[in-house]
Amino acid sequence: MLFNSIHFLVFFPVVVGLYYSLPPRWRGPLLLLASYYFYMSWRAAYALLLLGTTLVDYYSGYRMSQLPNKQARKPYLYLSLISNLGTLFIFKYFNFFRDAAGQLASALALPHYAGPTLELLLPVGVSFYTFQSVGYIIDVYQGKLEAERNLGRFALFVAFFPQLVAGPIERGGHMLPQFRRTHPFDYARIVSGLRLMAWGLFKKVVVADRLALFVNPIFNNPREHPEGPLLVLATLAFTFQIYGDFSGYTDMARGAARVLGFDFNLNFRQPYLSASVPEFWRRWHISLSSWFRDYLYIPLGGSRVGSTRAYANLLVVFLISGLWHGANWTFVVWGALHGLYIIASTWARPWRDTLAQRTGLAALPRLRRILGVLITFALVAYAWIFFRANSLGDAVYISQHLFSGWDHLTGRRLSTLLLEFSQHYRPELLMAAFATGFMLLVEYVLGRQPSPQGWLATRPVILRWSGYVGLVLLILYLGIFNSTSFIYFQF
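Each residue is numbered by its place in its chain's sequence as written, counting from 1. The predicted origin of the model limits local features to residues at a pLDDT of at least 70 and limits the giving and counting of side-chain atom pairs to 80 or more, whereas totals for whole chains, interfaces and linings rest on all residues. Note: side-chain values were computed over all heavy atoms of the structure, leaving out hydrogens and water.

Draft legend 1. Here's a closer look at the pattern of salt bridges. By convention in these notes, a salt bridge is any Lys or Arg side-chain nitrogen within 4 Å of a carboxyl oxygen on Asp or Glu. According to the stated counting rule, one finds 13 salt bridges in the structure shown. Of the charged contacts, one joins arginine 180 and glutamate 148 as a salt bridge, the two residues approaching to 2.7 Å between their closest N and O atoms. Of this pair, arginine 180 sits in helix α7 (residues 172-180) while glutamate 148 sits in the loop between α5 (126-141) and α6 (151-159), placing them 32 residues apart in sequence. With a relative accessible area of 45%, arginine 180 lands in the partly exposed category. Between aspartate 294 and arginine 171 there is a salt bridge, with the nearest N and O atoms lying 3.0 Å from each other. You can see aspartate 294 sitting in helix α11 (residues 286-297) and its partner arginine 171 sitting in the loop between α6 and α7, a full 123 residues away along the chain. Helix and strand labels come from DSSP, where a helix needs a run of H or I of at least four residues and a strand needs a run of E of at least two; each type is numbered from the N terminus. Note on exposure labels: buried denotes an accessible area under 20% of the residue type's maximum, exposed denotes more than 50%, and partly exposed covers the range between, all computed with a 1.4 Å probe on protein chains only.

Draft legend 2. How the structure looks around the side chain of serine 321. Along the chain, the position of serine 321 falls in helix α12 (residues 307-325). Contact partners of serine 321, with chain neighbours within four places excluded, come to Phe292 and Trp334. By the convention used here, residues are in contact when the closest approach between their heavy atoms is within 4.5 Å.

Draft legend 3. Focus on helix α20 (residues 461-478). Expected span of a helix, by definition, is 1.5 Å for each gap between consecutive residues, and there is one gap fewer than residues. Its 18 residues place the ends of α20 25 Å apart at the C-alpha level, agreeing with the 26 Å of an ideal helix rising 1.5 Å per residue. Every buried residue belonging to α20 is among Arg464, Tyr468, Leu471, Leu474, Ile475 and Leu478, and all of these are buried. End-on, the buried residues of α20 take up no more than an arc of 135 degrees, which puts them together on one face. Of the exposed residues in α20, those oriented more than 90 degrees away from the buried face are Ile462, Leu473, Leu476 and Tyr477. Starting at the helix axis, one direction is taken to each C-beta atom, and the arc is that of these directions.

Draft legend 4. Highlighting the nonpolar core. Buried residues of nine kinds, namely Ala, Val, Leu, Ile, Met, Phe, Trp, Tyr and Cys, make up a nonpolar core once their side-chain atoms join them within 4.5 Å. Counting 135 residues, the largest nonpolar core has Phe160, Phe202, Trp284, Trp384 and Tyr488 as its most contacted members. Apart from the residues lying within four places of it in its own chain, the contact partners of phenylalanine 202 are Val207, Ala435, Phe438, Met439, Leu471, Leu474 and Ile475.

Just distances and angles here, no functional claims.
Structure (structure tokens):
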């Protein structure tokens, strides 16, 4: 069930109405039932995987809570890790590693057994809910969190439908206490949640899906469009498409949870205004970045070890992060690029500071930040090529042709290129550019407010409702309503 579907438009009001009509003790079971229905609307059989993850991790956490130290808890930690990571490996990575082993053996002229190919449909959201459950288990193992004794409450923590299939990846210490509390009907909170859902829907169906009309034909057939200007435009368009798509989903998830009385952590904080790649990862997909930091980077030694080892830790984390996104070499290269960006940024920091002093940029912090933002944006946008490309060959081809055709570019030539690409997509591009600019302007203005979510609520009623109606009209008039899946559903 997609947030941008008629199915959800019916499902969500029914759940909300029942939720606030029932006595508090029945609300948890209702949400659990609704969450499993939500998940089973894709493929009912895969709800068994979700249930299996829940039961194994509930049992592992419960048993660990009865044991005095980490040494005694380790068997249950391993049980959970093997169960969760084994599920990921079988459904997501088996064929990838099978093919990689075969390619390596062929390159070394070694005999190898091809082995079977598993024809399995990837369960939607499996990477998200397994990471959320693994984070809970590690927190219990380390003694940072008391194990949840109520099976139904723990099952709801794993399966809560707003963030089940694409995050944000929540922590047990943040969500489990919320499931224990009673959430009374709060009109202001519900309005705030609906407003956030509407804004997320705008980013998805107006910005992301309209940009996709231009991005997909070029990235799906890059060799038919060898002109550098078109490839650069498509790369920039995807840069904003993926932001509108993923942050739009997050806004809708946070808004839906808020309507029901729950708070999710912020997952995006104007990432394209970052002045360095490390800052970008403190602003982009924050729940995943912090998960890798806390459960992989720090256990590997983090930055407490020597610089060479710390750089190796960073590269390992980003390689695994790339692989988490998909079993394809394009994602591995994307992760490696970001790892190398951060290593280079960390290593070159003293040199940058010295250069800033000698050129006078140190006395112009605003200009220095603007330059940092532009450079970071260019690096991030380039890496998105590998994220979006269908194959490593396509990504390399696009990279090699980004700068072709610029020597004879004029405004008329660019217009001709767009017209040749398709007369249909030219007006689509103009509407997408308008929607993207509007999104960035609104988020920049609200991002400068002390309380962005409360800003509109404090405006005069005429201005407030004019904003609501205007946003709905933009969605209805410019939205692409074909129930397009969110990009991160494939992960």
